[in-house]
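# Observations on the three-dimensional arrangement
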Amino acid sequence: ITCGRPSVMMWATLRACVIVRHGGAWSCTTIWLRRSSPVVGFTAMAGLALLIPGYLLLGAVDWQPSGLLAALGIICSGIGMGLTMPSLSTLVTFNAGEQDQGLAMGGFRAAGALGRSVGPLIGATCYFLYNPGRPYLAAAAIGLTPLFLVWTLAKAKGEVGEAGPAGVPGAAES
């Protein structure tokens, strides 16, 4: 482990991203979603749209080593995750019936726990068998599926207009 300037800067960037994700993006998103339910799908899509380039930037570090690429990837993925997770939780509860909300949230949390336990095994296997950038590129590709599903759901519910969230002043109405 080196103690040079680049590793200190990377550590500081990681710490700042963790603070922004947990203290800023997560809390602000949760408060905002409680007050403006018409934009839940749009917020989830914005978070996923930040996660995908974040993972692509982190995967690109393997081919073009750069502290800037790594920092930008960490920042994008941290803010994207902070926007995505509260939005998806809200979407699950909004789309479940009143009697089924507990079951829906339990299934959502169980799927997340399964992903957090199986994902690192698959990612580590891919990391060591191929190269360090492949798990991030795979995560970016896999991230297109929930982005499409959330977009489809938001479009069906009329939450997303042609140019932005429906019900938000200044956004195009569909």
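Here, the structure is the one placed above.
What counts and how
- Residues numbered from 1 in each chain as written.
- Predicted model: local features only at pLDDT ≥ 70, side-chain atom pairs only at ≥ 80, totals over all residues.
- Heavy atoms only, no water.
- Helix = DSSP H or I, 4+ residues; strand = E, 2+ residues; numbered from the N terminus.
- Buried < 20%, exposed > 50% of the residue type's maximum accessible area, 1.4 Å probe, protein only.
- Contact = heavy atoms within 4.5 Å.
- Areas by Shrake-Rupley, 256 points an atom, 1.4 Å probe, with all protein chains shown as cover.
- Core = buried A, V, L, I, M, F, W, Y, C linked by side-chain atoms within 4.5 Å.
- Phe/Tyr/Trp six-rings, centres within 6.5 Å; stacked < 30°, edge-to-face > 60°.
- Expected span 1.5 Å × (residues − 1).
- Polar contact = N/O pair within 3.5 Å; in protein donor to acceptor, adjacent residues only side chain to side chain.
- Axes fitted to C-alpha atoms, helices over the stretch in contact; angles between N-to-C directions.
- Parallel < 35°, antiparallel > 145°, perpendicular 65-115°, else oblique.
- Left-handed = near helix turned anticlockwise from the far one by under 90°.
- Nonpolar A, V, L, I, M, F, W, Y, C, P; charged D, E, K, R; others polar.

### Digging into the overall build of the chain
A count of helices and strands for the chain gives six helices and zero strands. For the chain, the succession of helices and strands along the chain, N to C, is α-α-α-α-α-α. Within the chain, the proportion of its 174 residues that are buried is 32%. Residue pairs in contact within the chain that sit at least 24 positions apart in sequence constitute 65% of those at least 6 positions apart. Counting only carbon and sulfur atoms, one obtains 70% of the accessible surface of the chain, whose full area is about 10,500 Å².

### Comments concerning the nonpolar core
Val40, Ala44, Met45, Leu48, Leu51, Leu88, Leu91, Met105, Phe108, Val150 and Ala154 together form the largest nonpolar core, which totals eleven residues. Those elements giving two or more residues to this core turn out to be helix H2 (40–60), helix H3 (67–95), helix H4 (101–129) and helix H6 (144–156). Sort the elements by how many residues they give to this core and H2 lands first, with five residues. Beyond its immediate stretch of four places on either side in the chain, leucine 51 contacts Cys76, Ser77, Gly80, Met81 and Thr84.

### Focus on the packing of aromatic side chains
For the structure on display, the rule yields two aromatic pairs. With 5.0 Å between their ring centres and 80° between their planes, tyrosine 127 and phenylalanine 128 make a pair best called edge-to-face. We classify tyrosine 127 as partly exposed; its relative accessible area is 36%. Each ring, one from phenylalanine 148 and one from tryptophan 151, has its centre 6.3 Å from the other, and the planes form 35°; the classification is tilted.

### Notes on H3
Three- or four-residue spacings in an α-helix give side chains the same orientation, since the helix completes a turn every 3.6 residues. Compared with an ideal rise of 1.5 Å per residue, which puts 29 residues at 42 Å, H3 spans 41 Å between its outermost C-alpha atoms and is within 8% of the ideal. Of the residues flanking the start of H3, the one acting as N-cap is serine 66, its side-chain oxygen 3.2 Å from the backbone nitrogen of leucine 68.

### Things to note about the packing of H2 against H6
In contact at an axis separation of 9 Å, H2 and H6 are set at 160° when each is read in the N-to-C sense. As far as their axial angle goes, H6 and H2 are roughly antiparallel. Where H2 crosses over H6, the handedness of that crossing is left-handed. Residues Gly41, Ala44, Met45, Leu48, Ala49 and Ile52 of H2 form the contact with H6, whose participating residues are Leu144, Pro146, Leu147, Val150, Trp151 and Ala154. Of the residues contributing to the contact of H2 with H6, the split by class is eleven nonpolar, one polar and no charged.

### Considerations on the environment of leucine 48
Here leucine 48 lies in helix H2. Here leucine 48 falls in the buried class, since its relative accessible area comes to 6%. Sequence-wise, leucine 48 and cysteine 76 are 28 residues apart; in three dimensions their C-alpha atoms are separated by 9.9 Å. If sequence neighbours within four positions are ignored, leucine 48 has contacts with Thr84, Pro146, Leu147 and Val150.

### Points about the environment of leucine 88
Mapped onto the elements, leucine 88 comes out in helix H3. Judged by its relative accessible area of 18%, leucine 88 falls in the buried class. The spacing of leucine 88 and valine 40 is 48 residues in sequence and 8.0 Å in space, taken between C-alpha atoms. When sequence neighbours within four positions are dropped, the list of residues in contact with leucine 88 reads Ala44, Phe108 and Val150.

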